[in-house]
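Commentary on secondary and tertiary structure
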Amino acid sequence: MIRGGRHTCGALSVLAAGALVLTGCSKGGSDTGSNDNKDQQNAKSQQAPVKFGNAADSTGPAAPVPGARSGGTMEVLERDSYAHLDPAQIYVQAQMVVAQLIHRGLTGYKTTSDDGHRHEVVGDLATDSGTTADGGRTWKYTLKDGIKFADGTPITSADVRQSVERLFAPFITQGPNYLQQWLADTSGTDYRKLLPDGPYKGRHLPDSVLSTPDAKTVVFHFKKPHPDLPYTLAMAGYSVVSAKGDTRERYDKNPVTTGPYKIRSFQSGKSMVLVRNPNWDPKTDPIRHQYVDRFTITFNQQFETSTKALLADSGADRTGLSFSNQVDAGNLSHVLGDPQLKSRTVSGYQGFVGLMHINTSKPEMKDVRVREAIAYALPVSPFVRAYGGSDAMEVAGGLISPTVPGYDPAFDPYGKKKNPGGDPAKARKLLQQAGKLHLKLTFGYMNTPEGQQYSTAMAAGLQKAGFDVQRQEIPSETYFDQVSKLNNPYDIFHTAWSADWPSALTVLPPLEDGRQIADGASNYTQLNDPHVNSEIDRISLITDPAKSAAEWEKLDKYLLTKVVNEVPTAYYKQVQIAGSQVGGLVYDDVIGGIDPRRLFIK
């Protein structure tokens, strides 16, 4: 998952009678480090087992939030507008958070504690988290009674089929592709060959792949076992789309929703209003609530702007918060150090790893000595400082987050943990050996205050090593669309990635598989290394969680010491603040921030 921005948890074990357990893992002024122990405990807790729920666990309504009451309008201050609202195009965290209110899938995460730390995967639109009798090759789902789209149309298996088949259409480029690859039994983008035009020219997936024998039954058929399907289907990218209301590309700005809220208005880059969906039945939903009457979302609110407004706590800001904005660097130490703000503040460890990507498709970047020079020269301290120091981030070593099995705290291939300012002298020697001193580097960065700050300082560090750095600003709303284009003009650019569930299977393959190079795909460096590809195939078949974690760790180290196409910058934390009249405020480990599903106005 992309931060802007991805998340949580694990490899699965098949137990008796088809029961499943998910094992493994389910951000700037202060530099005090006062929360380090708490943060590490939070990261470790995200590796705890997660139960796959049965029919009883999947029955609505959701458990009431203590003290909750209905009514009122809640203000939401967001930096980034939503580039995508079509579920199949959602893979950025900010969009995934709002999706919790407007979209539903076959399965979903239910919190089983009021602190947001314990969860289980349950049936959302389905009666349970799924049943399999053959180790995960065949999965059956039965739809609940009384489930409807916001327009009042009943949700049937035909809608689920439409939702799955449209994933193969060429205009769907931004969302996850696990399910598509598993159904086509292939890696990379070859899955599109199974249904090149999606369902739009009259063709459909054969019943041997996806069967819908009646209006309430959906059966997935895989050639290989995929016991983690329940978690995969819980991703926002696999939420259900209306077959009747499918407007193809236009669905992205005006989807037919299924959650407790529907879209009253949306002006891209300006505002969005969510209101109650009268066709959402709480009896069918074990996950969400509908306490608030209306959410009014205002975009282009930078971290400092939203933090100051919420700290002032007056007028509409008393019932305000941000779904995704963190407390800015300048106010972070004040927020964390004021005991009177404790009840209005939430924090936690996220699964994101910040990465400076080196575009290996550029001719100048094909020399490994140039890539190594970038890796050694790049200072990561400006990045951490821009977001608030150690209360917001931890300097990263590898590609695998502390929330995911396979994380090695001692791994530090470029010496960033010991020297976060970089090593320009060593980098200059590498550039001289390559005959590339004064090589031009085009550095694409997001046009936010933080982006301006860290990119300026990072560019200066690279220039000390002998690079000619040219910074190019990219609008935040379309940042990920721009950097994921195959022919983008950038040599280096930064994103953050988190596991979709706590397994490096959801980290290294999406980022590094050369067969996934495509417009909109997450192989940002456009790496196509035969050894990496073959290792991805080999490790993906290992069913033992501990063994697979060890092998993913080895591949992480190979990538950063032999290939050198990424430079890890930081492991993310998150601190958020709300107005004094916001109730139900909880940091949810799976969401990686405030849980919008339980909010109410006091």
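Residues numbered from 1 in each chain as written. Predicted model: local features only at pLDDT ≥ 70, side-chain atom pairs only at ≥ 80, totals over all residues. Heavy atoms only, no water.

**Topic: the overall build of the protein chain**
Check the secondary structure of the protein chain and you find 15 helices and 23 strands. Here the protein chain has a C-alpha radius of gyration of 23 Å; the compact-globule value for 602 residues is 25 Å, and the two agree. With the principal axes as the frame, the protein chain shows a C-alpha extent of 70 × 55 × 45 Å. Accessible area of the protein chain: about 21,000 Å², with a carbon and sulfur share of 50%. Computed over 65 positive and 64 negative side-chain charges, the inter-centroid distance for the protein chain is 1 Å. (Helix = DSSP H or I, 4+ residues; strand = E, 2+ residues; numbered from the N terminus. Rg over C-alpha atoms; globule rule 2.2 N^0.38 Å. Areas by Shrake-Rupley, 256 points an atom, 1.4 Å probe, with all protein chains shown as cover. Lys, Arg positive; Asp, Glu negative; His and termini not counted. Charge placed at Lys NZ, Arg CZ, Asp CG, Glu CD.)

**What to know about helix 8 (residues 368-377)**
Quick reminder: α-helices carry 3.6 residues per turn. Residues three or four places apart thus point the same way. With seven of its ten residues buried, helix 8 lies for the most part within the structure. Its side-chain oxygen 2.9 Å from the backbone nitrogen of R369, D367 forms the N-cap of helix 8. (Buried < 20%, exposed > 50% of the residue type's maximum accessible area, 1.4 Å probe, protein only. Polar contact = N/O pair within 3.5 Å; in protein donor to acceptor, adjacent residues only side chain to side chain.)

**Looking at helix 2 (residues 93-102)**
Counting buried positions along helix 2 yields ten of ten residues, so the element is predominantly enclosed. Listed in full, the buried residues belonging to helix 2 are Q93, A94, Q95, M96, V97, V98, A99, Q100, L101 and I102. On its buried face, helix 2 sits against strand 10 (261-267), strand 11 (271-276), strand 12 (294-298) and strand 14 (345-358). (Contact = heavy atoms within 4.5 Å.)

**Overview of the packing of helix 14 (residues 530-540) against helix 15 (residues 545-563)**
Interaxial distance between helix 14 and helix 15 falls to 10 Å at its minimum, and their mutual angle equals 170°. It follows from the interaxial angle that helix 14 and helix 15 lie roughly antiparallel. Every residue of helix 15 that contacts helix 14 at H531, V532, E535, I536, R538, I539 and S540 is listed here: S548, E551, W552, L555, Y558, L559 and V563. Tallied by class, the residues present in the contact of helix 14 with helix 15 amount to eight nonpolar, three polar and three charged. (Axes fitted to C-alpha atoms, helices over the stretch in contact; angles between N-to-C directions. Parallel < 35°, antiparallel > 145°, perpendicular 65-115°, else oblique. Nonpolar A, V, L, I, M, F, W, Y, C, P; charged D, E, K, R; others polar.)

**Focus on the environment of L125**
Note on placement: L125 falls in the loop between strand 6 (119-123) and strand 7 (138-142). Placed 31 residues apart in sequence, L125 and T156 show a C-alpha to C-alpha distance of 9.9 Å. Every residue in contact with L125, bar those within four places of it in the chain, is listed here: R104, G105, L106, T142, L143, K144, I147, I155 and V240.

**Focus: the pattern of salt bridges**
If you walk through the whole model with that rule in mind, you get 30 salt bridges. For R538, the salt bridge is made with E535, and the minimal N-O distance between the two is 2.8 Å. Of this pair, R538 and E535 both sit in helix 14, three residues apart, roughly one helical turn. Look at R538 and you get partly exposed, because its relative accessible area is 36%. Look at E535 and you get buried, because its relative accessible area is 17%. Across the pair E551 and R538 runs a salt bridge, and its minimum N-O distance is 2.7 Å. Of this pair, E551 sits in helix 15 while R538 sits in helix 14, placing them 13 residues apart in sequence. Residue classification places E551 among the buried residues on the basis of a relative accessible area of 17%. Salt bridges sharing common partners tie together K51, D57, K110 and E120. (Salt bridge = Lys/Arg side-chain N within 4 Å of Asp/Glu carboxyl O.)

**Let's talk about the environment of I577**
Note that I577 resides in strand 19 (residues 566-577). Considering only alpha carbons, one finds I577 and L321, 256 residues apart in sequence, at a separation of 6.6 Å.

**Here's the deal with the side chain of D228**
Considering the arrangement of structural elements, one finds D228 in the loop between strand 9 (217-221) and helix 5 (229-233). For D228, a relative accessible area of 8% corresponds to the buried category. Looking at D228, its side chain comes within polar contact range of the side chain of W501, at 3.4 Å.

**Section: the packing of aromatic side chains**
In total, this model carries 27 aromatic pairs according to the counting rule given. Look at W182 and F222: their rings are 6.3 Å apart centre to centre, the planes differ by 90°, and that puts the pair in the edge-to-face class. Residue W182 is located in helix 4 (residues 178-184), and its partner F222 is located in the loop between strand 9 and helix 5; the two are separated by 40 residues in the primary sequence. Following the ring pairs from residue to residue traces out a cluster consisting of Y109, W139, Y141, Y178, W182, F220, F222, Y231 and W501. R166 extends its terminal NZ or CZ atom over the ring of Y251, reaching a point 5.3 Å from the ring centre. Positioned above the aromatic ring of F411 is the side chain of K557, whose terminal nitrogen or guanidinium carbon lies 5.5 Å from the ring centre. (Phe/Tyr/Trp six-rings, centres within 6.5 Å; stacked < 30°, edge-to-face > 60°. Lys NZ or Arg CZ within 6 Å of the ring centre and 35° of its normal.)

**Side note on the sheet that holds strand 15 (residues 393-395)**
The six strands are arranged 15-19-14-18-16-17 in an open sheet whose pairing can be described as mixed. Taken across any chain shown, the strands that pair with only one partner, and hence form the sheet edges, are strand 15 and strand 17 (468-474). Pairs of neighbouring strands in the sheet enclose a mean axial angle of 30°, with direction left out of account. As judged from the seven bridges shared by strand 14 and strand 18 (residues 492-498), these two strands associate in the antiparallel manner. By the bridge assignment for strand 18, V353 is matched with W497. Set on the sheet, helix 11 (residues 449-464) makes contact with strand 14, strand 16 (440-446), strand 17, strand 18 and strand 19; between it and strand 16 the angle comes to about 165°. (Pairing = 2+ DSSP bridges.)

**Notes on the environment of K417**
Position of K417 relative to the elements: it lies in the loop between strand 15 and helix 10 (424-434). The spatial distance from the C-alpha of K417 to the C-alpha of P230 is 37 Å, given a sequence separation of 187 residues. Apart from residues lying up to four places away in sequence, K417 is in contact with V395, A396, G397, Y407, P409, F411 and D412. In terms of polar contacts, K417 uses its side chain to reach the backbone carbonyl oxygen of P409, at 2.5 Å.

**Some thoughts on the sheet that holds strand 4 (residues 73-77)**
Overall, mixed pairing links the five strands, which are arranged 10-11-12-4-13 in an open sheet. The open sheet is flanked by strand 10 and strand 13 (320-321), the only strands paired with a single partner.

Any functional reading would require information beyond the geometric quantities listed.
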